[in-house]
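Structure at a glance
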Amino acid sequence: FTHEDVNRDENIFSPWFEGDIITARLFLKIETDITAFVVSYGASDRLDVGIAIPMVHVDLDAQADATNQRIATSASAPNIHQFVNGTSNETFRRSGSASGVGDVVLRGKFQILRGEQGGLSIAEDLRLPTGEERDLLGTGATQAKTFVVGSLRLGGFSPHVNAGYTWSSNASDETEIPDEISYTAGFDWAVSPRMTLAADVLGRVFLDSQSIRVVETTFQANTNPGGPPNIVSATFPRLVAEQGDSNSILGSVGLKINPFGNFLLTVNGLFRLNDEGLLDDFAPLVAVDYSF
């Protein structure tokens, strides 16, 4: 981050010492643990409905290392523009945590095509803003997602594909959640009667979303307050916001194990395949299913 005084004319720095700027390096660590309770009910042989209730815990640690860059005052006023500690450098730290219910999801899915080797379904998700947005437990927006699900069965090998579109309401006057195109392609492979290997590629395209990038920015200042202006320049990296589509691509590999009866254990790993968006390098998933 960079901060410069807003009372600057484009060509004349008045007063001259406002030519100094503050740069800050930000370090941010966010850990999110989600335990989701999911229930599905077969209303008919073609229609099922369900609900997912996530319990979310978030830990956040933030640190900013700030420095006064004396491009205007280094020679004429070296003791000006100090932090509370009396120096030109200061570190600010904050941390916090929150727990609670996340955004609840309601789902309905209807099978429109059925064959011996596959089928095609259409589904609808309604995501409710039940999670507290200010604590990072939810988005604060109501979202409706329509998507299709297709699958084939070729012996023990079952490829599948999903594709959908999500409409989002504004979370608040300050926050806008973008619409989204999502897609998934992968397969399940039954390597034994009780074990299945699963692999997927998951893509999400956030339409006209706000993203942050780093640009090199040149700042100017006058170093001679008592005489003819002596204009100097300095270049620092700066974060800027821009609007545009953002494409997030994830990979997923795991196992589904049926140890006994109607129990199903899923062990999975989620990892990123590109560098767009705020994503974890690796996220583990453990799930237990029971059908009756």
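Refer to the preceding data block for the structure.
Residues numbered from 1 in each chain as written. Predicted model: local features only at pLDDT ≥ 70, side-chain atom pairs only at ≥ 80, totals over all residues. Heavy atoms only, no water.

Along the protein chain, the regular secondary structure elements total 0 helices and 13 strands. Ordered by position from N to C terminus, the α and β elements of the protein chain give β-β-β-β-β-β-β-β-β-β-β-β-β. In terms of C-alpha radius of gyration, the protein chain reaches 27 Å, well past the compact-globule figure of 19 Å for 292 residues. Split into buried and exposed, the 292 residues of the protein chain put 27% on the buried side. A separation of at least 24 residues holds for 55% of the contacts in the protein chain among residues at least 6 apart in sequence. A total of about 18,400 Å² of accessible surface is found on the protein chain, and carbon and sulfur atoms cover 57% of it. Side-chain charges in the protein chain split into 20 positive and 37 negative, and the spacing between the mean points of these groups amounts to 7 Å. (Helix = DSSP H or I, 4+ residues; strand = E, 2+ residues; numbered from the N terminus. Rg over C-alpha atoms; globule rule 2.2 N^0.38 Å. Buried < 20%, exposed > 50% of the residue type's maximum accessible area, 1.4 Å probe, protein only. Contact = heavy atoms within 4.5 Å. Areas by Shrake-Rupley, 256 points an atom, 1.4 Å probe, with all protein chains shown as cover. Lys, Arg positive; Asp, Glu negative; His and termini not counted. Charge placed at Lys NZ, Arg CZ, Asp CG, Glu CD.)

Let us now look at the nonpolar core. Formed by Trp16, Ile21, Ile71, Ala72, Ala77, Phe219, Ala221, Ala234 and Phe236, the largest nonpolar core amounts to 9 residues. Of all the secondary structure elements, the ones that give two or more residues to this core are strand S10 (195-222) and strand S11 (231-257). (Core = buried A, V, L, I, M, F, W, Y, C linked by side-chain atoms within 4.5 Å.)

Here the focus is the pattern of salt bridges. For the structure on display, the rule yields 9 salt bridges. The partner of Asp103 in a salt bridge is Arg127, with the nearest N and O atoms 3.1 Å apart. A residue pair is termed long-range when its members are at least 10 positions apart, and Asp103 in the loop between strand S4 (89-101) and strand S5 (105-115) and Arg127 in strand S6 (residues 118-127) qualify at 24 residues. Judged by relative accessible area, Arg127 falls into the partly exposed class, the value being 30%. Among the salt bridges present, the one from Arg134 reaches Glu132, with a minimum N-O distance of 3.0 Å. (Salt bridge = Lys/Arg side-chain N within 4 Å of Asp/Glu carboxyl O.)

This part is about the side chain of Thr166. With respect to the helices, strands and loops of the structure, Thr166 is situated in strand S8 (residues 157-168). Owing to a relative accessible area of 6%, Thr166 belongs among the buried residues under this scheme.

This part takes up the side chain of Thr73. Checked against the element boundaries, Thr73 lands in the loop between strand S3 (47-69) and S4. Judged by its relative accessible area of 0%, Thr73 is buried. Among residues more than four places away in sequence, those in contact with Thr73 are Trp16, Phe17, Asp20, Pro78 and Ile80.

On to the packing of aromatic side chains, then. Applying the stated criterion across every chain yields a total of 7 aromatic pairs. Relative to Phe236, the ring of Phe219 lies with its centre 6.2 Å away and its plane at 50°, an arrangement referred to as tilted. Of the two residues, Phe219 is situated in strand S10 and Phe236 in strand S11; the sequence distance between them amounts to 17 residues. For Phe236, a relative accessible area of 14% translates into the label buried. The rings of Phe260, Phe263, Tyr290 and Phe292 are connected pair by pair, giving a single aromatic cluster. Seen from the ring of Phe147, Lys145 lies directly overhead, with NZ or CZ sitting 4.9 Å from the centre. (Phe/Tyr/Trp six-rings, centres within 6.5 Å; stacked < 30°, edge-to-face > 60°. Lys NZ or Arg CZ within 6 Å of the ring centre and 35° of its normal.)

Below, the discussion takes up a nonpolar patch on the surface. A grouping of Phe1, Leu26, Leu28, Ile30, Leu136, Ile212, Val214, Leu239 and Leu278 is seen on the molecular surface, where their side chains present a nonpolar patch of about 900 Å² in accessible area. At the level of secondary structure, the elements contributing two or more residues to the nonpolar patch comprise strand S2 (21-42) and S10. Counting residues per element, the nonpolar patch draws most heavily on S2, which supplies 3 residues. With relative accessibility at 38%, the residue Leu239 sits in the partly exposed group. (Patch = residues over 30% accessible without salt bridge, like charges linked within 9 Å, V, L, I, M, F, W, Y side chains within 5 Å.)

Right, let's talk about unusual backbone geometry for a bit. For Leu136, which is not a glycine, the phi torsion comes out positive at approximately 65°. Here Leu136 shows up in the loop between S6 and strand S7 (143-152). Since its relative accessible area comes to 46%, Leu136 is described here as partly exposed. Phi is positive for Asp208, which is not a glycine, with a value near 50°. Counting through the fold element by element, Asp208 comes out in strand S10.

Turning next to the pairing of S7. The pairing of S6 with S7 spans 10 bridges and is classified as antiparallel. Bridge assignment links Arg127 to a residue of S7, and that residue is Gln143. With 9 bridges connecting them, S7 and S8 associate as antiparallel partners. Counterpart to Val148 in the pairing with S8 is Ala163. Linking S7 back to S8 in an antiparallel pair, the connection comprises 4 residues, with Gly155 at a positive phi of about 70°. (Pairing = 2+ DSSP bridges.)

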